[in-house]
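Topology and contacts: notes
Here's the letter readout for the chains.
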Amino acid sequence: MRIFYGSSAGRPDVPSEAPVDVGFDVALSVLRALDGRRGFLGVALDDRYTLQLLPQRGGIRVELLDSFIPSFDACVADSAFAEGLLRAASGTQDVFAIARASSHRWEHTSLA
């Protein structure tokens, strides 16, 4: 999967303009090492959609970004849910469908 991130302990930042290809285990280690105040992990699902994970007090903020509209849906979830979405992104599963089928309360934000 193609990821970009910032503020992951022991790793140089990777900008969104130049994501790197990694496997699930590397992406998971990046996620688990994110700084709780500044860290983020983005997964470029395709040219349109991005999954972004940001640790925060009380869980992980999950953002599903659509660059064509532009807009995003967001919720705060536990690490198990975030890691499950990351695992889905590493395979052929539809991350957006899995996320939206969950019982989490999603907030929609339009950036247009």
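Higher on the page you've got the structure.
Now for a quick tour of the structure. (Residues numbered from 1 in each chain as written. Predicted model: local features only at pLDDT ≥ 70, side-chain atom pairs only at ≥ 80, totals over all residues. Heavy atoms only, no water.)

1. A short note on the packing of aromatic side chains
Rule in force here: For Phe, Tyr and Trp, rings pair up if their centres lie within 6.5 Å, where Trp contributes its six-membered ring, and each pair is then called stacked (planes under 30 degrees apart), edge-to-face (over 60) or tilted (otherwise). Working definition: helices are DSSP H or I runs of at least four residues, strands are E runs of at least two. Numbering for both runs from the N terminus. Classification of residues uses two cut-offs on accessible area relative to the type maximum, computed with a 1.4 Å probe and protein chains only: under 20% is buried, over 50% is exposed, and between them is partly exposed.
Evaluated as defined, the whole model comprises 2 aromatic pairs. A ring pair is formed by Phe-4 and Phe-40, whose centres lie 6.3 Å apart and whose planes are at 55°; its orientation type is tilted. Here the residue Phe-4 occupies a position in strand S1 (residues 2–6), and Phe-40 occupies one in strand S3 (residues 40–44), the gap between them amounting to 36 residues. On the accessibility criterion, Phe-40 (25% relative accessible area) is partly exposed.

2. So, the pairing of strand S6 (residues 71–77)
Just so we agree on the cut-off: In this description, strands pair whenever DSSP reports at least two bridges between them.
Within S6, 6 of the 7 residues are buried, which leaves the element mostly enclosed by the surrounding structure. By the bridge criterion, 7 bridges tie strand S5 (residues 59–66) to S6 in an arrangement that is antiparallel. Across the sheet, Val-62 pairs through a bridge with Cys-75, a residue of S6. As consecutive antiparallel partners, S5 and S6 are separated by 4 residues.

3. A word on the nonpolar core
Test applied: The nonpolar core is taken to be a set of buried Ala, Val, Leu, Ile, Met, Phe, Trp, Tyr and Cys residues, with the residues joined through side-chain atoms within 4.5 Å. The contact criterion used throughout is that any non-hydrogen atoms of two residues lie within 4.5 Å.
The biggest cluster of nonpolar side chains holds 30 residues, and the ones touching the most others in it are Met-1, Ile-3, Leu-41 and Leu-86. Within the residue set of this core, elements represented by two or more residues are S1, helix H1 (24–32), S3, strand S4 (49–56), S5, S6, helix H2 (79–90) and helix H3 (95–100). For this core, the element with the highest residue contribution is H2, accounting for 6 residues. When near neighbours in sequence (up to four residues on either side) are disregarded, Ile-3 contacts Val-14, Pro-19, Val-20, Val-22, Ala-27, Val-30, Leu-41, Gly-42 and Val-43.

4. Things to note about the sheet that holds strand S7 (residues 107–110)
Taken in spatial order, the 7 strands line up as S2-S1-S3-S4-S5-S6-S7 in an open sheet, and their pairing is antiparallel. At either end of the open sheet lies a strand with only one pairing partner, and these are strand S2 (20–21) and S7. Inspection of the sheet shows S1 paired to S3 by 5 bridges, in the antiparallel sense. Bridge assignment links Gly-6 to a residue of S3, and that residue is Phe-40.

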